[in-house]
Amino acid sequence: MATDRIPREFIQTLLNRTDIVDLIDGRVPLRKKSSNNYFACCPFHQEKSPSFSVSQNKQFYHCFGCGAHGNAIDFLIQYDRLSFPEAIEALAKEAGLAIPQKSQTAKTSSHEDLYALLEKIAKFYQNALRQSDPAIQYLKKRGLSGSIAKQFGMGYAAPGWDRILNAFMKEKAKLSTTGMLIKKDDGGFYDRFRDRIMFPIKNRRGHIIGFGGRILNQGEPKYLNSPETPIFQKGHELYGLYETLQTERELKRIIIVEGYMDVIALFQHGITHAVATLGTATTAHHLTCLFRHTTEIIFCFDGDNAGRSAAERALHVTLPIMRDDVQVRFMFLPENEDPDSFIRKEGKKAFEERIDTAATLSQFFFQTIGTEADLSHIDGRARFVKLAKAHLDKLPEGIFQQMMFDELMKKARVDIKKPASEKIRAKPMKRRTPSNIRLAIMLLIQNPRLALQLDAPLAHADIPGFAFLLQLLTVIKEHHIETTGALIEQWRDQKEEKLIAKLAQIEHMIPETGIQNEFLGAITRLKSQSIKVTIDKLLAKAAIHGLSVEEKQYLNDLIQGQK
Ligand code: UTP
Ligand code: MN
């Protein structure tokens, strides 16, 4: 993973050098609320009164409205739409620091040669297209304009086994790495793409990472794609995304279609926000990537059975990543039409009308489940609920899940149990006083410098959450962490990250001057709680098995110490 290539220490240095207030203020003008806190209208959702707050002390931002939160790196990821390594690169540039290279990074930089090679090959194919009458006639017959072919860098791989091989003779190894050649049994090589219209596939930064090729006329397979290579992973890439983002950075919606030609035909007819998967099913990774650029995804399927089952597969991939602030809809075309043929026949307006009337995820979901159960009798309804619940449990907790459960109850006209976690979640609303361990962990996360206030290391205690407290203390000391933003960075992509973020955002009402006392008080209470737990354990053991001499002495000391 890319994250592993950048040394942690460097990331910490970078966060120390960056002031999140300056960073955000340069993009979203902030107003001062108190000495340490700034606010603005949230850049991540529509609102009229400001609920986006940035803490200088914590080096952490969070929005009370939509829940967006994080440190300086997260802000660049969310606001500038950067990947993690890109965000690090941007911060390093701003701080005037060079990113230290771990051994693996050397490999990454060699990818630049692969991109450069594929760029040259794309030019070679484009040139060949200009010289091939049959290829030009084919594109004309399919209704493509010259300018759209140019915009997508389309080309032609002429017939023959060794055109690429001969033209790029010196780079045989790289040709093979990028999948442009296929190895023969006798050890020789031949061109992968022959007599095909070529579609260069770009990554988000505009580098060509592979190709798709369509046979000119008849033949199998109709489409051939580059294989998986170090720079091309089908489950991660989307055809047309780069071109789409070139037209606009912020997209109201993105349409996912099936084919290269669909993307291009839609573009040519003025629908410039379509992308296609590359001969694979849509993955969760695809969707999370798209949700960085839009809040609405529309799946577009052919109207036949294959389209239906593809839609159901898409539905299943979508459920676990649905967030409250995003929409997913499902659109079906008439039988035997794909977006390419449809828009050429019916035009942009008709296509847009279909987009506007596309089924919401909820409609499509209940419709799909409904076909598997008969709601007219009680057994059918029970089956309906059981099927639906299995899926709805996969939704992330939140308002959307709640609404889907409400809808399910309405549809089935039965009372069903909400997921257990929903019930647990309802409780803290009453603002219980937090347990000592929760209080200590929360204050420490919000003020990592508190770790320096403990004069001796804490001994382990048999209290839930205590191991995590110890871990926090160790990490803070070891990495000289001073802010919440720097602390949470140590848990990026780990399961504790969410908990830390949650505790980081709690407004605890303890005045600045009282925080240290509250923290030390909680630690003292935890220590005596720990002693009590140990005493109880020893007493229980004494009653059942008896104690050794040392244990008796220890118990005695503990009880004496308590007084
Ligand atoms: P379709 O078979 O639906 O073709 O494949 P299409 O997009 O309508 O193509 P045209 O209009 O006949 O030119 C849809 C997508 O599935 C992948 C390709 O990505 C294609 O764009 N596919 C299809 C393959 O990878 N291999 C194939 O042999 C066929
Ligand atoms: Mn087609």
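Residues numbered from 1 in each chain as written. Chains lettered and ligands numbered in written order. Predicted model: local features only at pLDDT ≥ 70, side-chain atom pairs only at ≥ 80, totals over all residues. Heavy atoms only, no water.

Undergrad: Can you lay out the overall build of the chain for me, pointing to particular residues and giving the numbers?
TA: Each helix and strand in the chain was counted, giving 24 helices and 16 strands. Judged by the C-alpha coordinates and their principal axes, the chain covers about 95 × 65 × 55 Å. Considering only residue pairs separated by 6 or more positions, the chain has 64% of its internal contacts joining residues 24 or more positions apart. In the structure as shown, the chain presents an accessible area of about 29100 Å², 52% of it carried by carbon and sulfur atoms. Each charge class in the chain can be summarised by its mean position, and for the 78 positive and 67 negative side chains these summaries are 1 Å apart. (Helix = DSSP H or I, 4+ residues; strand = E, 2+ residues; numbered from the N terminus. Contact = heavy atoms within 4.5 Å. Areas by Shrake-Rupley, 256 points an atom, 1.4 Å probe, with all protein chains shown as cover. Lys, Arg positive; Asp, Glu negative; His and termini not counted. Charge placed at Lys NZ, Arg CZ, Asp CG, Glu CD.)

Undergrad: Now, about the site of ligand 1: what can you tell me, with residues and values included?
TA: In the vicinity of ligand 1, the contacting residues are Arg142, Arg214, Pro221, Lys222, Tyr223, Asn225, Glu258, Gly259, Tyr260, Met261, Gly279 and Asp338. Between ligand 1 and the protein, one listed contact pairs an oxygen atom with a side-chain N or O atom of Lys222 at 2.8 Å. Within the side chain of Asp338, a nitrogen or oxygen atom sits 2.8 Å from an oxygen atom of ligand 1. When ligand 1 is considered free in solution it has 580 Å² of accessible area, and contact with the protein chains removes 74% of it. In this structure the site holding ligand 1 corresponds to the second largest pocket. (Near = heavy atom within 4 Å. Polar contact = N/O pair within 3.5 Å; in protein donor to acceptor, adjacent residues only side chain to side chain. 1 Å grid on protein atoms, 1.4 Å probe; cavity = no way out; pocket = protein on both sides within 12 Å on 5 of 7 lines; lining within 4 Å. Sits in = over half its atoms within 2 Å of the grid points.)

Undergrad: Residues and numbers for helix H14 (residues 339-356), please.
TA: Across its 18 residues, H14 extends only 15 Å between first and last C-alpha, which sits more than 12% below the 26 Å expected from 1.5 Å per residue. For H14, the principal kink sits at Gly347 and spans about 115°. Within H14, burial applies to Pro339, Asp340, Ser341, Phe342, Ile343, Gly347, Ala350, Phe351 and Ile355. Of the surrounding secondary structure, the elements contacted by the buried residues of H14 are strand E12 (254-257), helix H11 (260-268), strand E14 (296-301) and strand E15 (327-332). (Expected span 1.5 Å × (residues − 1). Bend = angle between axes of the 7 residues up to and from the residue. Buried < 20%, exposed > 50% of the residue type's maximum accessible area, 1.4 Å probe, protein only.)

Undergrad: Could you give an account of the domain arrangement of the chain, naming the residues involved and the relevant values?
TA: Interface extent is often summarised as the accessible area lost during association of the parts. By domain assignment, the chain separates into domain 1 (3-95), domain 2 (111-232), domain 3 (235-371), domain 4 (377-426) and domain 5 (436-562). Distance between the C-alpha centres of domain 2 and domain 3: 26 Å. At the interface, 23 residues of domain 2 touch 20 residues of domain 3. Roughly 2000 Å² is buried in total at the junction of domain 2 and domain 3, and carbon and sulfur atoms are behind 64% of that figure. If you look at where domain 2 meets domain 3, you find one salt bridge. The closest approach of N and O atoms between Arg142 and Asp340, which form a salt bridge, is 2.7 Å. Summed over the shared surface of domain 2 and domain 3, the result is five residue pairs in polar contact (both at pLDDT 80 or more). Ranked by the residues each element gives to the side of domain 2 that touches domain 3, the list is headed by strand E9 (residues 196-202), at four residues. Along the lines of polarity and charge, the residues of the side of domain 2 that touches domain 3 split into ten nonpolar, seven polar and six charged. (Domains from an automatic or database assignment. Buried area = accessible area lost by both parts, 1.4 Å probe. Salt bridge = Lys/Arg side-chain N within 4 Å of Asp/Glu carboxyl O. Nonpolar A, V, L, I, M, F, W, Y, C, P; charged D, E, K, R; others polar.)

Undergrad: An account of the nonpolar core is requested, with residue identities and associated values reported.
TA: Residues Ile24, Phe52, Val54, Ile73, Leu444, Phe466 and Leu469 are the most contacted members of the largest nonpolar core, which totals 68 residues. Of all hydrophobic cores here, the second largest spans 61 residues; its members include Leu114, Leu139, Phe168 and Phe189. (Core = buried A, V, L, I, M, F, W, Y, C linked by side-chain atoms within 4.5 Å.)

Undergrad: Any chance you could break down the pairing of E14 for me, citing the residues and the numbers?
TA: Buried residues dominate E14, accounting for six of its six residues. Where burial is concerned, the two faces of E14 agree: the one with Glu296, Ile298 and Cys300 and the one with Ile297, Phe299 and Phe301 are both buried. Crossover connection from E14 via helix H13 (residues 305-318) to parallel E15: handedness right-handed. (Right-handed = clockwise from strand over helix to strand, strands pointing away.)

Undergrad: Tell me about the packing of aromatic side chains, and name the residues and values.
TA: Tallied over the entire structure, the rule returns 29 aromatic pairs. Measuring from centroid to centroid gives 5.6 Å for Phe52 and Tyr61, while their planes differ by 40°, and the two rings are tilted. Classification of Phe52 by relative accessible area gives buried; the value is 0%. Taken together, a centroid distance of 4.8 Å and an interplanar angle of 70° make the contact between Tyr239 and Tyr260 edge-to-face. You can see Tyr239 sitting in the loop between strand E11 (223-225) and helix H10 (241-247) and its partner Tyr260 sitting in helix H11, a full 21 residues away along the chain. Residue classification places Tyr260 among the buried positions, given a relative accessible area of 6%. Put simply, the rings of Phe152, Phe199, Tyr223, Tyr239, Tyr260 and Phe267 touch in pairs and so form one group of aromatic residues. Against the face of Phe332 rests Arg308, its NZ or CZ located 4.7 Å from the ring centre. Positioned above the aromatic ring of Phe366, the side-chain terminus of Lys411 is 5.2 Å from the ring centre. (Phe/Tyr/Trp six-rings, centres within 6.5 Å; stacked < 30°, edge-to-face > 60°. Lys NZ or Arg CZ within 6 Å of the ring centre and 35° of its normal.)

Undergrad: A description of empty space enclosed by the protein should follow, citing residues and the corresponding values.
TA: Scanning the entire structure with this criterion turns up one cavity of 30 Å³ or more. The volume enclosed by the largest cavity comes to roughly 40 Å³. Each of domain 1 (3-95) and domain 5 (436-562) gives at least three residues to the lining of the largest cavity. (Points joined across faces, edges and corners; volume = space filled by probe spheres on them.)

Undergrad: Any details on the pattern of salt bridges? Residues and values, ideally.
TA: In the structure shown here, the tally under the stated rule is 24 salt bridges. Among the salt bridges present, the one from Arg492 reaches Asp74, with a minimum N-O distance of 3.1 Å. Linking Arg492 in the loop between helix H21 (484-489) and helix H22 (497-505) with Asp74 in helix H3 (residues 72-79), this pair joins segments that are 418 residues apart in sequence. Considered together, Arg492 and Asp74 belong to a single accessibility category, that of buried residues. Its salt-bridge partner being Arg204, residue Glu86 comes within 3.9 Å of it at the nearest N-O pair.

Undergrad: Before we move on, can you summarise the sheet that holds E12 with the specific residues and values?
TA: Neighbouring strands of a sheet are bound in pairs by backbone hydrogen bonds; such pairs are parallel or else antiparallel. Strands sit in the order E13-E12-E14-E15-E16 across an open sheet of five strands; the sheet is mixed. The open sheet has two edge strands, strand E13 (274-276) and strand E16 (359-360), and neither has a second partner. In the packing of H11 onto the sheet, the strands contacted are E12 and E13, and the crossing angle to E13 comes to about 170°. (Pairing = 2+ DSSP bridges. Axes fitted to C-alpha atoms, helices over the stretch in contact; angles between N-to-C directions.)

Undergrad: Pulling in residues and values, what's your account of the sheet that holds E11?
TA: Read across the sheet, four strands follow the order E6-E9-E10-E11 without closing on themselves; strand pairing throughout is antiparallel. Two strands close off the open sheet at either side, each with one partner strand: strand E6 (155-157) and E11. In this sheet, neighbouring strand axes are inclined to one another by 35° on average, regardless of whether the strands run parallel or antiparallel. Both E9 and strand E10 (residues 208-215) contribute to a ladder of seven bridges, which runs antiparallel. Within the sheet, the bridge partner assigned to Ile197 lies in E10 and is Arg214.

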